Amino acid sequence: MDKGKIFVGQTNGNYLIRMSGDVRVTLCASLNHYVESIFGGHNVQSVLVDLFETEGVDSTTLGLLTKLALLSQRHYGIVPLLFCDNPGILKTLEAMSLDELFTVIREAPTGSDKAGQLDELICDKSDEAEARRSVLEAHRLLVEVNPQCEPEFIDLIRYLEEEVNKQP
C-alpha cells in the first residue's frame, strides 16, 4: 500500500478533504487540527471527503471523520458528502455506522481533476500527549456513534485514558 497522504482545500465555504494511499494514525494530529480549523468561526457551506484514491484507513482516521461529520451537523446542519468506491472501505464505513453520518456517493466528485488546487497536510510533529488525546477522542467518538464497537476499542480507550491522566 502507498503511504497515506491528505490533501485539503476550500473555496467560499466549501471544504474538500482528499485522502490517498493508506491513511494511518501518523496523520491524525494534522487531520484533527484541520477539522478543528474548519469550525473555528468560518462560514461552512459544504464538506466533502474524497476517498477514491484511498487504499486503507485506520480506526483513528475513521474516528476523526466521525468528528468531522458530527461537527458539520451540530454547527451547520450539514450532512457531509463522502465519495468512495472501494468495497473494503465501504464495508468498514457501514460496520462503524459512518454511512449514517455521511451521504455516501460511489462515483467520483465533479471537478476531481483539480487536485493541484489542494494543499497537502503535512504530518504534524505533535507531542506524544497530544497524539494520545487525538487517538482517544477518535475512538470515543466511534463508540459514541456505534456502541457495538465498544468491545473492539474499550481496552485501547482505557489505556489511553490512563496515559492521558498521567500527564501533568
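Residues numbered from 1 in each chain as written. Predicted model: local features only at pLDDT ≥ 70, side-chain atom pairs only at ≥ 80, totals over all residues. Heavy atoms only, no water.

Before going further, it helps to examine the pairing of strand S1 (residues 5-11). Two elements, S1 and strand S2 (residues 14-23), share seven bridges in a ladder whose sense is antiparallel. Looking at S2, one finds that glutamine 10 is bridged to tyrosine 15. As paired elements, S1 and strand S6 (residues 119-121) share three bridges and run antiparallel to each other. Considered in S6, the bridge of valine 8 is made with aspartate 119. (Pairing = 2+ DSSP bridges. Helix = DSSP H or I, 4+ residues; strand = E, 2+ residues; numbered from the N terminus.)

Right, let's talk about the side chain of serine 134 for a bit. Residue position: serine 134 is located in helix H4 (residues 128-145). We classify serine 134 as buried; its relative accessible area is 3%. A polar atom in the side chain of serine 134 sits 3.1 Å from the side chain of asparagine 32. Leaving out residues up to four positions away in the same chain, serine 134 has contacts with Cys28 and Asn32. (Buried < 20%, exposed > 50% of the residue type's maximum accessible area, 1.4 Å probe, protein only. Polar contact = N/O pair within 3.5 Å; in protein donor to acceptor, adjacent residues only side chain to side chain. Contact = heavy atoms within 4.5 Å.)

Owing to its 3.6 residues per turn, the α-helix brings residues three or four apart onto one side. Between its first and last C-alpha atoms helix H5 (residues 150-166) spans 23 Å; for 17 residues at 1.5 Å apiece the expected length is 24 Å, and the two agree. The set of residues buried in H5 consists of Phe153, Ile154, Ile157, Leu160, Glu163 and Val164. Elements that come into contact with the buried residues of H5 comprise helix H2 (59-76) and H4. (Expected span 1.5 Å × (residues − 1).)

Bear in mind that shape data such as this cannot, by itself, settle questions of function.
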